[in-house]
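Descriptive analysis of the structure
Single-letter residue listing:
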Amino acid sequence: MITVCVDAMGGDESPEVVCAGIAQALKQDPELSVLVAGTDEVVTPFCDKTDRAVALVCSEVIGMGEHPADAVRKKKDSSIVRGCAAVRAGDAQAFFSAGSTGAVFAAATMGVGRIRGIKRPALATPLPGLGDHHTVVLDLGANADVRPEMIVQFAQMGSAYARVALGVSNPRVGLLCNGEEETKGSEMALAYHKALAEADCGFVGNAEGTDLLLGDFDVIVTDGFTGNVALKTLEGTAKFIMGTLKVAVSQSKRYKLGAGMLKPALKEMKDMLSGDEYGGAVLVGLKAPVFVGHGATSVAAVAAGTKACADAVRGGLVDKIANTLAQDAQ
């Protein structure tokens, strides 16, 4: 039995949505138990009537608009801080929250701890591509400023995650840049390219922005500033396309008829771009799997995030990252 701690208070939706997602995950995975972190009035009634769910009662909640580091320091009894502490204590093997990404990053780095040798954890998620191809992209916002040796670790950690989440035996790693030529990019991008080329990390060259969804890379690495901008651009583009289609459909009966026929395909595309299939993004480089869901999360997304944590434990994600680093150090 694997125990995952879930933050019932995280996200823009109500705690009832998170609890419903936990219930769905428990129903879908009979080898899963959940430690539910949150206020007494939320978690106790839910856990009292739910099999394999145990309450972790907390008196504080970190809001989405709070300064992450300050909130983590001041709110020691918050669901995020207590959840990460429970993982460190061994009461759970992984943690999931749809709350503040910055707060989860700060609490997990201090509470769960980094794998030995990891300079900074990174935020990673698989992005969909053509056919069944997916590409793990990192860092998506955890580290705005990244040194060359850190980008090499991102490549190593991303490759380990691609093996666990996507089943790729020998991941092809690319560096997000403004051109595929090795001479392209800023001074920092050129330094990243040099470090990756000299490391044993599966690096095959630069990746352009179009490769995020259309390329044949298995892993694409970049600094957290660039990665977050790229991710938000993709999310905005998806919303623009869906919004434009919705307006067009409302203005034409013929378009409305066609949209009705395409509705299943459009929904599938929307679900793919949401990232919910893989439970959101994972903070790789920690001593236990920590997943961060979207703030505007859904029941299905919470269930996917909870199960993704359990799958990462079963797949030995942390050990694979640690072993990769140890081999590289030899």
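Our subject is the structure that appears above.
Scope of this entry: the structure provided in the associated data block. (Residues numbered from 1 in each chain as written. Predicted model: local features only at pLDDT ≥ 70, side-chain atom pairs only at ≥ 80, totals over all residues. Heavy atoms only, no water.)

**Here we look at the overall build of the chain**
Scanning the chain from terminus to terminus reveals twelve helices and eleven strands. Over its C-alpha atoms the chain spans a radius of gyration of 20 Å, differing by no more than 12% from the 20 Å that the globule rule assigns to 330 residues. If you line up the chain on its principal axes, its C-alpha atoms span 65 × 60 × 35 Å. Counting only residues that meet the buried cut, the chain has 50% of its 330 residues in that class. Pairs at least 24 apart in sequence give 68% of the contacts found in the chain among residues at least 6 apart. (Helix = DSSP H or I, 4+ residues; strand = E, 2+ residues; numbered from the N terminus. Rg over C-alpha atoms; globule rule 2.2 N^0.38 Å. Buried < 20%, exposed > 50% of the residue type's maximum accessible area, 1.4 Å probe, protein only. Contact = heavy atoms within 4.5 Å.)

**As for the pairing of strand S6 (residues 134-138)**
Taken across its five residues, S6 has five buried, putting it largely inside the fold. The alternating pattern of S6 places His134, Val136 and Leu138 on one face and Thr135 and Val137 on the opposite face, and all of these are buried. Relative to S6, strand S5 (residues 122-128) is paired through five bridges, and the arrangement is antiparallel. Within S6, the position partnered with Leu127 by the bridge is Thr135. (Pairing = 2+ DSSP bridges.)

**Let's talk about the environment of Thr306**
Its place among the elements puts Thr306 in helix H11 (residues 299-314). Residue classification places Thr306 among the buried positions, given a relative accessible area of 0%. Between the alpha carbons of Thr306 and Ala25 there is a distance of 6.5 Å; along the sequence they are 281 residues apart. Other than its neighbours up to four places away in sequence, Thr306 contacts Val4, Val6, Ala25, Leu32, Val34 and Phe96. Here the side chain of Thr306 touches Val302 through a polar contact of 2.8 Å, landing on its backbone oxygen. (Polar contact = N/O pair within 3.5 Å; in protein donor to acceptor, adjacent residues only side chain to side chain.)

**So, the environment of Val112**
Here Val112 shows up in the loop between helix H5 (101-111) and S5. According to the relative accessible area criterion, Val112 is buried, its value standing at 5%. The spatial distance from the C-alpha of Val112 to the C-alpha of Gly83 is 9.4 Å, given a sequence separation of 29 residues. Not counting residues within four places of it along the chain, the set of residues in contact with Val112 comprises Cys84, Val87, Arg88, Ala107, Leu286, Lys287, Ala288 and Val290.

**Concerning the pattern of salt bridges**
All told, the structure shown has nine salt bridges when counted by the stated rule. Between Glu149 and Arg147 there is a salt bridge; the shortest N-O distance is 2.8 Å. By relative accessible area, which is 45% here, Arg147 ends up partly exposed. Taken together, the shared-partner salt bridges in this structure form one network comprising Asp29, Asp311 and Arg314. (Salt bridge = Lys/Arg side-chain N within 4 Å of Asp/Glu carboxyl O.)

**Some words on the sheet that holds S5**
Taken in spatial order, the eleven strands line up as S3-S2-S1-S4-S11-S10-S5-S6-S9-S7-S8 in an open sheet, and their pairing is mixed. In the strand order of this sheet, the two ends are held by strand S3 (53-57) and strand S8 (203-207), each with one partner. The average angle at which neighbouring strand axes cross in this sheet is 25°, direction not considered. In this structure, strand S7 (residues 173-176) lies alongside strand S9 (residues 219-221), joined through three bridges in parallel fashion. Bridging from a neighbouring strand, Gly174 pairs with Ile220 of S9. Those strands touched by H5 are strand S4 (94-97), S5, strand S10 (281-284) and strand S11 (290-292), and its axis lies near 170° from that of S11. Its contacts with the sheet put helix H6 (residues 148-166) on S5, S6, S7, S9, S10 and S11, and the angle it makes with S6 is roughly 145°. (Axes fitted to C-alpha atoms, helices over the stretch in contact; angles between N-to-C directions.)

**Topic: the packing of helix H1 (residues 15-28) against H11**
Packing of H1 against H11 leaves a shortest axis separation of 7 Å and a crossing angle of 50°. In terms of their interaxial angle, H1 and H11 are classed as oblique. The interaxial crossing formed by H1 with H11 has right-handed handedness. Where H1 abuts H11, its residues Val17, Val18, Ala20, Gly21, Ile22, Gln24, Ala25 and Gln28 lie against Val299, Ala300, Val302, Ala303, Thr306 and Lys307. Residues that form the contact of H1 with H11 fall into these classes: nine nonpolar, four polar and one charged. (Parallel < 35°, antiparallel > 145°, perpendicular 65-115°, else oblique. Left-handed = near helix turned anticlockwise from the far one by under 90°. Nonpolar A, V, L, I, M, F, W, Y, C, P; charged D, E, K, R; others polar.)

**Considering helix H2 (residues 40-48)**
In an α-helix there are 3.6 residues to a turn, and that puts residues three or four apart on one side. Taken together, the buried positions of H2 are occupied by Val42, Val43, Phe46 and Cys47. Down the axis of H2, the buried side of the element spans an arc of 95°, and every buried residue falls inside it. Counted as exposed and oriented over 90 degrees from the buried face of H2: Glu41 and Asp48. For H2, the secondary structure elements touched by its buried residues are H1, strand S2 (32-38) and S3. (Arc of directions from axis to C-beta.)

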